[in-house]
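Listed below are the residues making up each chain.
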Amino acid sequence: MKAIRWGGYVLLAAALVYCGLALRELGTDAVVDRLSQTAWMATLAIGLAYGAALALLAVGWIAMAARQGSLNLTAVIAIYGPAVVAKYIPGSIFQYGSRQLNGAEFGLEQKPMAKASLAEAALHNPAALICGMMLLVGGGMIGLGALAVAGFGVAIIAGSPIIRAGGFQIAFFALFAVLITLLAALALPAADPERLTAMFMFAWVAGFLVPVAPGGIGVRESALLALAVPAESAAVVAAFALLTRLATTVGDGAIGLAGYWLLLSRRWNKQASA
């Protein structure tokens with residue numbers, strides 16, 4: 001485990017150096033000059049939509065961690081939301097610890113929650129890769145929309161918790177890919193927004209696989225630059241990396257703040273009624 005952890009730190013350091021050198025070569029002005037007011041507004045809107053979509057992951061996780069129907073959506077967000085923010089702490093273990101602590105307040109057992117988190121992590125990569133491959137083979141946004149509907153439908157009718165969670169994950173990542181494609185199309189002069197999004201999904205997986213990188217920072221951007229250039233200009237890819245990082249941070253922060261507010265409100269209400 002120690003060797004894996006230190007290997008992750010080495011990869012993170014190399015990724016950050018690569019990003020720094022690439023951006024210095026481009027020149028910061030060349031990246032920022034491409035970002036209009038419309039780009040910033042689109043990034044904010046898409047970030048908030050991404051934050052709302054994260055509720056699908058929360059519901060998928062709770063399907064495996066608790067008895068069906070035992071918690072309402074408010075309680076689920078109160079447990080899951082703060083953990084989304086905790087993933088930005090280096091080490092990527094605090095998000096899972098946060099769920100264990102907050103879930104215990106709602107009467108959830110530790111072992112099912114831990115198993116649910118492990119299963120969720122195992123489902124992330126195939127779900128993201130499926131969406132990326134769909135874009136590469138020409139499925140487009142219509143295909144992603146159909147995939148999201150299909151995943152949601154499976155999640156609603158499935159009796160097995162793991163199948164329900166898988167359906168919600170497919171629905172989330174399909175919507176995530178749609179939002180990122182919209183960002184590439186609306187905020188940038190991308191030559192091929194769908195292919196650029198496919199490369200982003202693959203880069204997202206790379207960032208997820210390096211656990212010491214908080215939120216995949218540095219690793220995701222390095223992988224994106226390596227995969228998307230030269231099909232897109234380096235300046236466009238760098239701007240895209242910046243906007244996608246901002247959008248996902250806004251979304252993570254939004255669901256995180258909502259979760260903290262719901263959790264604190266519950267604690268205040270309990271104290272008031274005690």
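One can find the structure itself at the top, above this paragraph.
Residues numbered from 1 in each chain as written. Predicted model: local features only at pLDDT ≥ 70, side-chain atom pairs only at ≥ 80, totals over all residues. Heavy atoms only, no water.

Topic: the overall build of the protein chain
Phase 1 of the analysis: Each helix and strand in the protein chain was counted, giving 11 helices and 0 strands.
Phase 2 of the analysis: Along the protein chain, helices (α) and strands (β) appear in the sequence α-α-α-α-α-α-α-α-α-α-α when read from the amino end.
Phase 3 of the analysis: In the protein chain, which comprises 274 residues, the proportion classed as buried is 49%.
Phase 4 of the analysis: As displayed, the protein chain has an accessible area near 12700 Å², and 71% of this comes from carbon and sulfur atoms. (Helix = DSSP H or I, 4+ residues; strand = E, 2+ residues; numbered from the N terminus. Buried < 20%, exposed > 50% of the residue type's maximum accessible area, 1.4 Å probe, protein only. Areas by Shrake-Rupley, 256 points an atom, 1.4 Å probe, with all protein chains shown as cover.)

Notes on the pattern of salt bridges
Phase 1 of the analysis: For the coordinates displayed, the defined rule picks out 5 salt bridges.
Phase 2 of the analysis: A salt bridge links Lys 87 to Asp 252; the shortest N-O distance between them is 3.2 Å. Here Asp 252 lies in helix H11 (residues 234-273) and Lys 87 lies in the loop between helix H4 (73-86) and helix H5 (94-105), a separation of 165 residues in the sequence.
Phase 3 of the analysis: Overall, the relative accessible area of 1% leaves Asp 252 in the buried class. (Salt bridge = Lys/Arg side-chain N within 4 Å of Asp/Glu carboxyl O.)

Some remarks on the packing of aromatic side chains
Phase 1 of the analysis: For the structure shown, the criterion picks out 12 aromatic pairs.
Phase 2 of the analysis: Ring centres of Phe 173 and Phe 176 lie 6.4 Å apart, and the angle between their planes is 50°; this geometry places the pair in the tilted category. Within this pair, Phe 173 and its partner Phe 176 are both found in helix H8 (residues 161-187), separated by 3 residues, close to a single helical turn.
Phase 3 of the analysis: A network of ring pairs unites the aromatic residues Tyr 50, Phe 172, Phe 173, Phe 176, Phe 200, Trp 204, Phe 208 and Phe 240 as a single cluster.
Phase 4 of the analysis: The positively charged end of Arg 266 is found above the aromatic ring belonging to Phe 106, 4.1 Å away from the centroid. (Phe/Tyr/Trp six-rings, centres within 6.5 Å; stacked < 30°, edge-to-face > 60°. Lys NZ or Arg CZ within 6 Å of the ring centre and 35° of its normal.)

Some details on unusual backbone geometry
Phase 1 of the analysis: Going from Val 229 to Pro 230, the amide bond is cis rather than trans, its omega being 15°.
Phase 2 of the analysis: Residue placement: Pro 230 occurs in the loop between helix H10 (219-228) and H11.

Thoughts on the nonpolar core
Phase 1 of the analysis: Ranked by size, the top nonpolar core spans 74 residues in total, and within it Phe 172, Phe 173, Phe 176 and Leu 224 carry the most contacts.
Phase 2 of the analysis: Among the elements that line this core, the one with the most residues is H8, at 15 residues.
Phase 3 of the analysis: Those residues in contact with Phe 172, other than ones at most four positions away along the chain, are Tyr 50, Ala 53, Leu 54, Leu 56 and Leu 57. (Core = buried A, V, L, I, M, F, W, Y, C linked by side-chain atoms within 4.5 Å. Contact = heavy atoms within 4.5 Å.)

Focus: the side chain of Glu 120
Phase 1 of the analysis: Following the sequence through the fold, Glu 120 ends up in helix H6 (residues 110-136).
Phase 2 of the analysis: When residues no more than four places from it in sequence are discounted, the contact partners of Glu 120 are Leu 57, Trp 61, Met 64, Tyr 80, Tyr 96, Arg 99 and Gln 169.

In short, the description is geometric, and any link to function would need to be established separately.
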